[in-house]
Amino acid sequence: EFFKYTRQSQFLFLPQVHDASPRVITQALALDVPVLMNKNIIGGWKYLTDQTGEGFNDIHDLQDSIQRLRENSAAGAYHPRRYVDENCGDQIS
C-alpha cells in the first residue's frame, strides 16, 4: 500500500532525524516522487539534491521549503527517478 499512496503524493515528507538511511527515500525517488527531508537526518541526506527535492533544518524554515518544493514541482524542476537511474543500482554500487 505504501507504493500506491506514494505514487499519488506530491512529495514524501521525512521529518525524522534519527534514522540511519530510510529505505522510503529511494523507494519514493524510484516512483518519481520528490522528497521533503530534514537536512539533519543521520543518514539518507546524500539523496537530497536539486533533482530530488528540498530539505529543511527545523520548523522555522519548513514553510519556505514546502513553498519552494511546490513551485519547483509545478515547474518540472525535479527528476527523482532519473537521479535513481543514474546514481543507484548494482552497476553503480
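The rules we used
- Residues numbered from 1 in each chain as written.
- Predicted model: local features only at pLDDT ≥ 70, side-chain atom pairs only at ≥ 80, totals over all residues.
- Heavy atoms only, no water.
- Helix = DSSP H or I, 4+ residues; strand = E, 2+ residues; numbered from the N terminus.
- Buried < 20%, exposed > 50% of the residue type's maximum accessible area, 1.4 Å probe, protein only.
- Phe/Tyr/Trp six-rings, centres within 6.5 Å; stacked < 30°, edge-to-face > 60°.
- Salt bridge = Lys/Arg side-chain N within 4 Å of Asp/Glu carboxyl O.
- Pairing = 2+ DSSP bridges.
- Axes fitted to C-alpha atoms, helices over the stretch in contact; angles between N-to-C directions.

A. Focus on unusual backbone geometry. You will see that D32, though not glycine, has its phi angle at about 70 degrees, which is positive. Note that D32 resides in the loop between helix 2 (23-30) and strand 2 (35-38). According to the relative accessible area criterion, D32 is partly exposed, its value standing at 45%.

B. Spotlight on the packing of aromatic side chains. Considering all chains together, one arrives at two aromatic pairs under this definition. Taking the centre distance of 5.6 Å and the plane angle of 70 degrees together, the rings of F2 and F3 count as edge-to-face. Among the residues examined, F2 registers a relative accessible area of 32% and is labelled partly exposed. For the ring pair F13 and F56, a centre distance of 5.9 Å and an interplane angle of 20 degrees mean the geometry is stacked. Placement of the pair is F13 in strand 1 (residues 12-14) and F56 in strand 3 (residues 53-56), with a sequence separation of 43 residues.

C. Fine view of the pattern of salt bridges. Enumeration over the complete set of coordinates arrives at two salt bridges. R68 is the partner of E54 in a salt bridge, and the nearest nitrogen-oxygen pair spans 2.8 Å. Here the residue E54 occupies a position in strand 3, and R68 occupies one in helix 3 (residues 59-74), the gap between them amounting to 14 residues. Taking the relative accessible area as the measure of exposure, E54 reaches 13% and is therefore buried. With its nearest N and O atoms 2.9 Å apart, the salt bridge here joins R81 to D85. In this pair, R81 and D85 both sit in helix 4 (residues 80-87), four residues apart, roughly one turn of the helix.

D. Layout of the sheet that holds strand 1. An order of 1-2-3 is seen for the three strands of this open sheet, with the pairing classed as parallel. Looking at the sheet topology across the chains shown, the edges are occupied by strand 1 and strand 3. Here the average twist between neighbouring strands, direction ignored, is 15 degrees. Of the pairings in the sheet, the one linking strand 1 to strand 2 comprises three bridges and is parallel in character.

By themselves, these observations are geometric and do not establish any function.
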